Amino acid sequence: MSPSFKDKGGLRGVALVFALILKSWSSFIMFQFKHYQPRPLEIIDTTLREGSQTSLLHDHYKYFFTQNDKIEIARDLITFGVKFLELFAPNVSPRERDDFAAIKATRDELIMQKGYTFLLAHVRCHPDDVAAAVEAGADGLNMYMGLSTAARTHSHGKDLASIVQQVRPLLEDIRKNYPHLILRFSGEDAFRTSEADLFRVYDEVIPFVDRIGTPDTVGVATPVSVAQRVKALRERYPKIDLEGHFHDDRGFSIINALEAVKSGMRYMDTTLLGVGDRSGITSMTALFYNLYIDKCYDHLEGYHLRGAYPINVMFASKLKKLVPSKEPVSLTNRTHTAGVHQKALLNSTSTYEAFPLDQFGVSESEVLLGPLSGWNIVHYFLKEIKYYNLDEATARQIATVFKERIYNLAQNDSPTQLLIDIAENEFGLTHMIIPERFKDNIVQVMDNVPQSDSGENGTRQGAVMLKR
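The notes below deal with the structure included here. None of these values were measured; they are calculated from a predicted model.

1. Looking at the packing of aromatic side chains
Two descriptors summarise a pair of aromatic rings, namely the distance from one centre to the other and the angle between the planes of the rings. Taken as a whole and judged by the stated rule, the model has 17 aromatic pairs. Taking the centre distance of 5.0 Å and the plane angle of 20 degrees together, the rings of Phe84 and Phe118 count as stacked. Residue Phe84 is located in strand β2 (residues 84-88), and its partner Phe118 is located in strand β3 (residues 118-124); the two are separated by 34 residues in the primary sequence. Note on accessibility: Phe84 and Phe118 belong to one class, buried. Seen in terms of ring centroids, Phe199 and Tyr237 are 6.0 Å apart; in terms of plane orientation they differ by 80 degrees. Their pairing is edge-to-face. Taken together, the residues Phe199 in helix α9 (residues 195-205) and Tyr237 in the loop between α10 (223-236) and β7 (241-244) connect sequence positions 38 residues apart.

2. A closer look at helix α17 (residues 415-426)
The terminal C-alpha atoms of α17, which comprises 12 residues, lie 16 Å apart, in line with the 16 Å expected from a rise of 1.5 Å per residue. Pro415, Thr416, Leu418, Leu419, Ile420, Ile422 and Ala423 are the residues of α17 that are buried. Just beyond α17, the residue with positive phi is Gly428, at close to 60 degrees.

3. Brief notes about a nonpolar patch on the surface
On the surface, Tyr61, Tyr63 and Phe64 cluster together to form a nonpolar patch covering roughly 380 Å² of accessible area. Along the chain, the position of Tyr63 falls in the loop between α2 (56-59) and α3 (67-80).

4. What about the sheet that holds strand β8 (residues 267-270)?
The parallel closed barrel is built from 8 strands, whose spatial order is β1-β2-β3-β4-β5-β6-β7-β8. When strand polarity is set aside, the average angle formed by the axes of neighbouring strands in this sheet is 25 degrees. Relative to strand β4 (residues 140-146), β3 runs parallel, the two sharing 5 bridges. Of the residues in β4, the one forming a bridge with Val123 is Met143. Strands in contact with helix α6 (residues 127-136) are β3 and β4; relative to β3, the strand with the most contacts, it is inclined by about 160 degrees.

The rules we used
- Residues numbered from 1 in each chain as written.
- Predicted model: local features only at pLDDT ≥ 70, side-chain atom pairs only at ≥ 80, totals over all residues.
- Heavy atoms only, no water.
- Phe/Tyr/Trp six-rings, centres within 6.5 Å; stacked < 30°, edge-to-face > 60°.
- Helix = DSSP H or I, 4+ residues; strand = E, 2+ residues; numbered from the N terminus.
- Buried < 20%, exposed > 50% of the residue type's maximum accessible area, 1.4 Å probe, protein only.
- Expected span 1.5 Å × (residues − 1).
- Patch = residues over 30% accessible without salt bridge, like charges linked within 9 Å, V, L, I, M, F, W, Y side chains within 5 Å.
- Areas by Shrake-Rupley, 256 points an atom, 1.4 Å probe, with all protein chains shown as cover.
- Salt bridge = Lys/Arg side-chain N within 4 Å of Asp/Glu carboxyl O.
- Pairing = 2+ DSSP bridges.
- Axes fitted to C-alpha atoms, helices over the stretch in contact; angles between N-to-C directions.
- Contact = heavy atoms within 4.5 Å.

The following block contains the structure:
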């Protein structure tokens, strides 16, 4: 018989069972990383920390990601296969504390479906940051302190000896009192720090950490310096995993990350679309895309690659943008405006599309009608998509008129509508009669959808979408 609310003995029994469940759950969390077998490449996605520092949020007066934004981003990253998410220290602000709790709840909801995802708090080497992260239920601490001459002179003002005196006892205390926590220490601005200075500090902290970071905080690294640094760290600390964080000030973030991964770095910080402070850091999807092209298939283990473009579209919508042109996992990377390209594309997409973007969720090519379009795409659009009776000679004439008129197009007018108006009103084209049973067999479609301010769809005006 189920205990009634007045049955105190029964209630004590229920409470005892509940306590045992909580204890088991705590043990599961505590020992999860100890038993976790890291993949050849583990992404530490820092979109919710580094990505929140992007100036792009200010372009539309948004300034920060809402809690709902963060929950959706976290959920999609976990679904994609990311096992490590970096968040702000909860004591940054009451809002960040509440957001941390909401993201943690979202993570917990997905454990049975997607496995465990570790939440890492980005913290200073300060007891207050550590205490706030522990209280919030962080799985690990991403601790950092500037070691370069610039940081020591103009940031915290401490010399190397003082840094060691501050950092080592704190890490030792954390390791003793919270043995389950995942600990990382990074010497901020590592690529403007000499190896001797890095080793001076890292030698002291190695006994207490699970990995060490070598962040290129101001984007000065090159592939050569990255390879040299990874080699030196692996030789000196062969049993410790390395973590990279590469800024894009010189446009080298992706090539530096690739070099680091191929040199043996297991953990890599990324963000969606590569956004972050200043020029941002390595794009998660760009990194996977290039590893796939370079046939580093073991580094792709456990990631849902076909979700790459959808997650980019989702995140771009949070910034009220389309997926940017410099992001390789984008529809733009399969968008063509030049007439010569468009003609060749109609014969074979491989002529101007060398890489398998369909493996990353980009299932279409986009041909834009405009002043550079030739008669081939005009003929294709009017006959194959809009079903006009049309021969090649007439298509050439229509293309000539279209290319003259397109320069006078009003801002809100569509190139496709201009082309249709010319075809119907000036050349008197009529539609072919398509038997009803064949209408659904078309594999090329044209969706004339205006560009969305929210970036929620990637279709531009005057776009001919070639389905794959």
